[in-house]
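# Analysis of the macromolecular model
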Amino acid sequence: MTTPSNSMPNSFPAQPAAPNSVPTPPDSPTRPFYWSVRRELWENRSIYLAPLAVAAVTLVGFVVATLGRALSTSDIAHRRAILESHFNFVSAMIMGTTFVVGIFYSLDALHSERRDRSILFWKSLPVSDLTTVLSKASIPLLVLPAITVILTVAMLWIMLLLSSLVLVGSGLNAATLWSQSPLLQISLLLLYHLITVHILWHAPFYAWMLLVSAWARRAVFLWAALPIAAIGILEKIIFNTTHFANFLEYRLSGPEPYAMGAPSNSMSQGPAAGSISQGAHSMHTMSTVDPAKFLTTPGLWLGLIVTVALLAATVHLRRSQSPL
Amino acid sequence: MTVIEARGLRKTFGATVALSALDLRVESGRILGLVGPNGAGKTTALNAILGLIPYQGQLKVLGRDPWTERDHLMRDVCFIADVAVLPRWIRVSQALDYVAGVHPRFDRAKAEALLAKTTIARDRKVRELSKGMVAQLHLALVMAIDARLLVLDEPTLGLDILFRKQFYDSLLNDYFDRDRTILVTTHQVDEIQDVLTDVMFIDRGRIVFSSTMEEFESRYVELIVNPENAAAARALAPIHERQVLGRTIFLFDLMTLHNIDRPQLAALGDLRSPGIADLFVALLGNPSTPPQPAAKTGAAK
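Residues numbered from 1 in each chain as written. Chains lettered and ligands numbered in written order. Predicted model: local features only at pLDDT ≥ 70, side-chain atom pairs only at ≥ 80, totals over all residues.

## Describing the overall build of chain B
- If you tally the helices and strands in chain B, you get ten helices and 13 strands.
- Radius of gyration (C-alpha) of chain B: 21 Å, near the 19 Å computed for a compact globule of 301 residues.
- In terms of its C-alpha atoms, chain B occupies a principal-axis envelope of roughly 65 × 45 × 35 Å.
- Looking at chain B residue by residue over its 301 residues, the buried ones come to 44%. (Helix = DSSP H or I, 4+ residues; strand = E, 2+ residues; numbered from the N terminus. Rg over C-alpha atoms; globule rule 2.2 N^0.38 Å. Buried ≥ 20, exposed ≤ 12 C-beta atoms within 10 Å, placed from the backbone.)

## Side note on the sheet that holds strand 1 (residues 2–13) of chain B
Residue and element names in this part refer to chain B.
- Strands sit in the order 2-1-4 across an open sheet of three strands; the sheet is antiparallel. The open sheet has two free edges, formed respectively by strand 2 (16–27) and strand 4 (56–61), since each of these has just one partner strand. Averaged over all adjacent pairs, the angle separating strand axes in this sheet is 15°, with direction ignored.
- Bridge count between strand 1 and strand 4: five bridges; the pairing is antiparallel. (Pairing = 2+ DSSP bridges. Axes fitted to C-alpha atoms, helices over the stretch in contact; angles between N-to-C directions.)

## Thoughts on the pairing of strand 9 (residues 206–212) of chain B
Residues and elements named next belong to chain B.
- Pairing geometry for strand 8 (residues 198–203) and strand 9, over six bridges, is antiparallel. Paired with Phe-201 across the strands is Phe-209, a residue of strand 9.
- As consecutive antiparallel partners, strand 8 and strand 9 are separated by two residues, and within that stretch Arg-204 has a phi angle of approximately 50°, a positive value.

## Focus on the sheet that holds strand 10 (residues 220–225) of chain B
Residue and element names in this part refer to chain B.
- Within the open sheet, the four strands sit side by side as 11-12-10-13. Their pairing is antiparallel. Of all strands in the sheet, those bounded by a partner on one side alone are strand 11 (240–244) and strand 13 (270–272). Adjacent strand axes in the sheet meet at a mean angle of 25° when their direction is disregarded.
- The sheet contact formed by strand 11 and strand 12 (residues 247–253) spans five bridges and is antiparallel. Counterpart to Glu-241 in the pairing with strand 12 is Phe-250.
- Across the sheet, helix 8 (residues 227–234) touches strand 10, strand 11 and strand 12, and the angle it forms with strand 10 is around 145°.
- This element, helix 10 (residues 276–284), spans strand 10, strand 11 and strand 12 of the sheet and lies at about 80° to strand 12. (Contact = placed C-beta atoms within 7 Å.)

## Points about the environment of Glu-27 of chain B
All names here are of chain B.
- Checked against the element boundaries, Glu-27 lands in strand 2.
- For the pair Glu-27 and Gln-94, spaced 67 residues apart in sequence, the C-alpha separation works out to 35 Å.
- Other than its neighbours up to four places away in sequence, Glu-27 contacts Met-1, Thr-2 and Val-3.

## Re the domain arrangement of chain B
Residue and element names in this part refer to chain B.
- In terms of domains, chain B is made up of domain 1 (2–212) and domain 2 (216–284).
- Facing twelve residues of domain 1, the contacting portion of domain 2 comprises seven residues.
- Mapped onto the side of domain 1 that touches domain 2, the elements with two or more residues apiece are strand 8 and strand 9.
- Examining the composition of the side of domain 1 that touches domain 2, we find that four residues originate from one element, strand 9, more than from any other.
- Here the side of domain 1 that touches domain 2 is composed, by residue class, of seven nonpolar, three polar and two charged. (Domains from an automatic or database assignment. Nonpolar A, V, L, I, M, F, W, Y, C, P; charged D, E, K, R; others polar.)

## So, helix 7 (residues 183–201) of chain A
Residue and element names in this part refer to chain A.
- Its 19 residues place the ends of helix 7 25 Å apart at the C-alpha level, agreeing with the 27 Å of an ideal helix rising 1.5 Å per residue.
- The largest bend in helix 7 is about 30°, located at Leu-194.
- Looking at helix 7, one finds that the buried residues are Ile-186, Leu-189, Leu-190, His-193, Leu-194, Thr-196, Val-197, His-198, Leu-200 and Trp-201. (Expected span 1.5 Å × (residues − 1). Bend = angle between axes of the 7 residues up to and from the residue.)

## Thoughts on the environment of Ile-192 of chain B
Residues and elements named next belong to chain B.
- Mapped onto the fold, Ile-192 is located in the loop between strand 7 (181–185) and strand 8.
- With 22 C-beta atoms counted inside 10 Å, the residue Ile-192 sits in the buried group.
- Once the C-alpha coordinates of Ile-192 and Gly-33 are considered, the two residues, 159 residues apart in sequence, prove to be 8.4 Å apart.
- What Ile-192 contacts, discounting residues up to four positions off in sequence, is Gly-33, Tyr-168, Val-184 and Thr-186.

## Considering the packing of helix 5 (residues 131–143) of chain B against helix 6 (residues 161–174) of chain B
Residue and element names in this part refer to chain B.
- Running from N to C, helix 5 and helix 6 point in directions that differ by 10°, and their axes come no closer than 11 Å. The angle between helix 5 and helix 6 places the two elements in the roughly parallel class. When helix 5 is examined against helix 6, the residues Gly-132, Ala-135, Leu-139 and Met-143 are found in contact with a partner set consisting of Phe-163, Phe-167, Ser-170 and Asp-174.
- When the residues that make up the contact of helix 5 with helix 6 are grouped by side-chain class, the tally is five nonpolar, two polar and one charged. (Parallel < 35°, antiparallel > 145°, perpendicular 65-115°, else oblique.)

## Examining the confidence of the model for chain B
Residue and element names in this part refer to chain B.
- Here chain B averages 87 in pLDDT, and 95% of its residues register 70 or above.
- By mean pLDDT, helix 9 (residues 262–266) is the weakest element of chain B at 84, and helix 3 (residues 92–102) is the strongest at 95.
- Scored below 50 in pLDDT, residues 287–301 makes 25 contacts in the model with residues more than four places away or belonging to other chains. (pLDDT = per-residue confidence, 0-100.)

## Let's talk about the packing of helix 3 (residues 76–115) of chain A against helix 5 (residues 129–169) of chain A
Residues and elements named next belong to chain A.
- Orientation of helix 3 relative to helix 5, taken along the N-to-C sense of each, is 160°, at an axis distance of 9 Å. What the angle tells us is that helix 3 and helix 5 run roughly antiparallel. Relative to helix 5, helix 3 is oriented so that their crossing is right-handed.
- When its residues are assigned to classes, the contact of helix 3 with helix 5 shows 17 nonpolar, seven polar and one charged. (Left-handed = near helix turned anticlockwise from the far one by under 90°.)

Here it is in structure tokens:
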């Protein structure tokens, strides 16, 4: 194995001979953060492998099942509907996968380093607990959404290209497929949905899971889920109400009516992962997106305050926790 | 230049006192061995010095408060903990990349050169390496960091004698110099007696003995006598005696024996320098102060 640094002359010891690329100058404060995020990707390859695998499988499904069916019909509207529904399915699958990966990642993030005692190695390096916790929080809040967008948009392009190839191959005009598939709008909507719901709206959940993973000695999932379930059950038993459960559902499903303005002509109020399908289905225009309304939702800001508080508690715990 | 200064350092875990008013001062350029029975507070003391646990009392490491400034302190301090702590999933090349990425004082070329002397392949994962190789890898990473204080907590635990010897040789020849300080704890203290410049005994959360090695060697002497001279030797008030193969070994503290010198003792039998472990047993293991039952749990060791 040779790395570029092997050829570095010894006379430059002060120059950190980083491999590949040096993204930031040696003493930049973002440098430990950058490497901490890379470290997470080394350790948890499922962050990108799982969505990639799901995308690959659904792509095969598309080629085998949908492509032929869609192209066998001469009705252009029908053809488009079939392709679109498949695309919606693919994007929902990818989003669902990254959602699940994010949950598993967050529950393990600060637990595994205590379990295998490697926390003693990480703490022997000049990386603050704040940097460590933020780099771990960035996986569900930045890296996974980014992977989702990139992968979904790439899938959209691949599926359109494949359809066009088949259409052209059979002597038909592929232009309508492109003119009527609002690529850019779907991509932007997806991005908007991920930023508003998956990042900003769901942030307290991830912060909570990180906190529990830094605190629990074992059974992280139970410690994360049981208190929440207990509150709902107690409320039901004592007051026979479901305010907490409703609140939880609201926090999970996202403020879609707020984010997207008037609930458009979409059919059903699906769960978070399905909501993009409505978006892609019903909103080929960006007109129904209403960021102002989203940004003035009190729940958004309350959630973000809670997120900051939970992350601060996580940093505090990480500082004083010893290996298990 | 003082590297570590602790005054009245105290740490309790619930009702258990792990450190009780520990005073400690380490100057730069020393190799200090911290010796103590299990549960004496060695690891707790090291954890406090490394900023891994909060504590009461005063503690400054390189002029910083370890608990509040751990991340800054770790630019100048390295440590190898008493267990294999390199993450098992990491590849050797990734470990090099990561440390090079986050540590401004890491000299990658030096680490590569140190690794080149071993049989460790760059594309191996830590879980695929033997125990000795993991220790070599960790040592290579640490030695390539231009740190001022290196803390080693049982760094050679579970390694065979060849690795242990290699480990300390490497440390002395390729790393240690006058500007660096090494603080080491180990149960195989006799093996590193020649390496140390200073030794301290810790017991029940406080430092009970502290000496430079020169002092140690001029102050303590062992006298091996045949049975016929045992009574005469015993009359000179040795601090410890033990039987080996029919002969008796007496340990004398020359500082407390004002009217006796080495030639007088030599007349009774053979003189030799005691090992650190012998003195340790004499001071902490003699019947008048029975060894304390392991006084604490978990976090200390």
